[in-house]
Structure formats: C-alpha cells, structure tokens
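Listed here are the chains, written in short residue letters.
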Amino acid sequence: MIKENIEKITAEIEAAYARSPYQQGKITMLAVTKTVPAERIKELTELGFCLLGENRVQEMLEKYEALPEASWHIIGHLQTNKVKYIIEKAAMIESVDSIALAEEIEKQAAKHDIIMPVMVQVNIDDDENKFGIDAENCASFLKELSRLPHLRVQGLMTIGCIYDDPLKARSTFRKMKALFDEILTLHIENIEMKYLSMGMSHDYEIAIEEGANIVRIGSAIFGSRS
Ligand SMILES: *Cc1c(COP(=O)(O)O)cnc(C)c1O
C-alpha cells in the first residue's frame, strides 16, 4: 500500500516537474508522519524515503529513537520552550514564525555549537488561523534573522489554504514564488533562498508546477488520518 502510493506520487512529482517552467533542480518529497506509528513509517524508510516531517515536538521525539535512519523537519508552530528538545535532532526547522523563536534557536544552537538550518513560514493568504510572517514583512524579518550567526535560513515555507478550486491554490503558490524570487534579488547576507516548501497531498502537483522544490505529503502516502 505505502509502496504503491509512493510509486504513484513519485511519478506524479516527476510529471509535474516536467510541466513546470521552473527547472530549479530536484524536487524533495518530505513525508509527513503525524499520527502514523513508527512501525508503519518503517515501511517507508525501508524503501529509501527517510526525510520525514512532524508538526509536534513530542511526537517527533517519540519516533526519533525508533527510526535512526530518518532525518526530521519540524513543520508546525514551535514553542520557544521546546527548542531545546529538538535542536540537536531536527535537520531543519521549516516553521520559524517569530523573532522570539529565532532568537531561542540562535541561543540553543550556539550552546551546542551548531548551525541550525531553518526556513521562514509565510502566511501568504493572510489567514488569521495560521502562523507565519505576512508577505509584506518577510524581507524585513529575514534581515533581522541575518544577524543571528547560528541560524542558516534556507528558504520559505507556506501552508496554503485548502481550496476546492485549484485555480485559487495556484494563485497562492504563484504569490509565494513571486515573493521567493523577490527575496532572492535582495541578496540578504547570510540568507540562502534554496528551498520553497509548499504543496501537500491534495495540491502538490500544482505547487511543483508553480515552483515548489519541497512538497510535504502525508495522507497520500499513509492514507487518511481521520
Ligand atoms: C499535515 C501537514 C502536511 C501534510 O498534509 P497531507 O494533506 O496529509 O498531505 C503538510 N504540511 C504541514 C505543515 C502539515 O501539518
């Protein structure tokens, strides 16, 4: 089941990339494992897919020991008091959404003498129910982060609204790509714009067509969570 799903998704990712005008290099599939027990995730990592995403610290920590082959991205709102638990365990924090959080990551990374790869979460739809920096404040936020030497900003992440209308999803992704390109032209010191993380199970193909190079896929791999 997981194997068949992965084969289908991999083929669809390739096809979407072939249709995309942005030939920005390989597309990374992050497997979102929330609510999925470690034994089932093992079926995936045994196929060679070891890049995993969790949005809850506790859940990631529970699975961390059971899956030593995995590499973890934090993709949900991270409370500052939890940074210390994941600082040496996460490969990337995709969901940096405040200066307070960035400063705590800086502090913990400095303490452990590491440089932490992070991405900035953008609330591209101005959705009051979502975390993230507003698009218009993104450049100034990145400039503030650029002075934190133990953070390495690698790109932007967004959680799009779920639209019935694929055209709406496309316009959101297009706005993100435009913001990403605009930030690139600013050449902010210490800020790399390598990754654009957008698109989930229901819309990853559109996201790739519009320039995503990380897609975060859960239910299309593991089945519905509800
Ligand atoms: C759950 C989740 C996903 C994956 O959602 P699916 O619809 O199951 O693919 C992606 N990104 C974030 C931030 C999530 O919380």
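The notes below deal with the structure included here. Since the model is a prediction, treat every value here as computed from it, not as a measurement.

What counts, and at which threshold
- Residues numbered from 1 in each chain as written.
- Predicted model: local features only at pLDDT ≥ 70, side-chain atom pairs only at ≥ 80, totals over all residues.
- Heavy atoms only, no water.
- Near = heavy atom within 4 Å.
- Polar contact = N/O pair within 3.5 Å; in protein donor to acceptor, adjacent residues only side chain to side chain.
- Nonpolar A, V, L, I, M, F, W, Y, C, P; charged D, E, K, R; others polar.
- Core = buried A, V, L, I, M, F, W, Y, C linked by side-chain atoms within 4.5 Å.
- Buried < 20%, exposed > 50% of the residue type's maximum accessible area, 1.4 Å probe, protein only.
- Contact = heavy atoms within 4.5 Å.
- Helix = DSSP H or I, 4+ residues; strand = E, 2+ residues; numbered from the N terminus.
- Salt bridge = Lys/Arg side-chain N within 4 Å of Asp/Glu carboxyl O.

Let us look at the site of the ligand. If you check the shell around the ligand, you find Val32, Lys34, Asn55, Ile75, Ile159, Met200, Ser201, Arg216, Ile217, Gly218, Ser219 and Arg225 and nothing else. With respect to the ligand, the backbone of serine 219 contributes an N or O atom lying 2.8 Å from an oxygen atom. Of the residues assigned to the shell around the ligand, the class counts are five nonpolar, four polar and three charged.

Bringing the nonpolar core into the picture now. Across soluble globular proteins, nonpolar side chains have a tendency to be buried as a group. Core analysis: the largest hydrophobic core is formed by 66 residues, its most contacted members being Ile105, Leu142, Leu145, Leu156 and Ile221. What isoleucine 105 contacts, discounting residues up to four positions off in sequence, is Val83, Ile87, Ile93, Val96, Met116, Val118 and Leu151. Within the second largest apolar cluster, seven residues are counted, among which are Ile75, Met92, Met157 and Ile214.

One non-glycine residue, aspartate 113, lies in positive phi territory at about 55 degrees. With respect to the secondary-structure elements, aspartate 113 resides in the loop between helix 5 (99–111) and strand 5 (116–121).

A word on the pattern of salt bridges. Tallied over the full model, the rule gives 15 salt bridges. Residues lysine 3 and glutamate 7 are paired through a salt bridge, measuring 3.3 Å at the closest nitrogen-oxygen approach. Within this pair, lysine 3 and its partner glutamate 7 are both found in helix 1 (residues 2–19), separated by four residues, close to a single helical turn. Residue glutamate 7 is classed as partly exposed on the basis of its relative accessible area of 44%. Here glutamate 54 ties to lysine 63 by a salt bridge, and the two come within 2.7 Å at their closest N and O atoms. One salt-bridge network, held together by shared partners, links Arg19, Arg170, Arg174, Glu205, Glu209 and Glu210.

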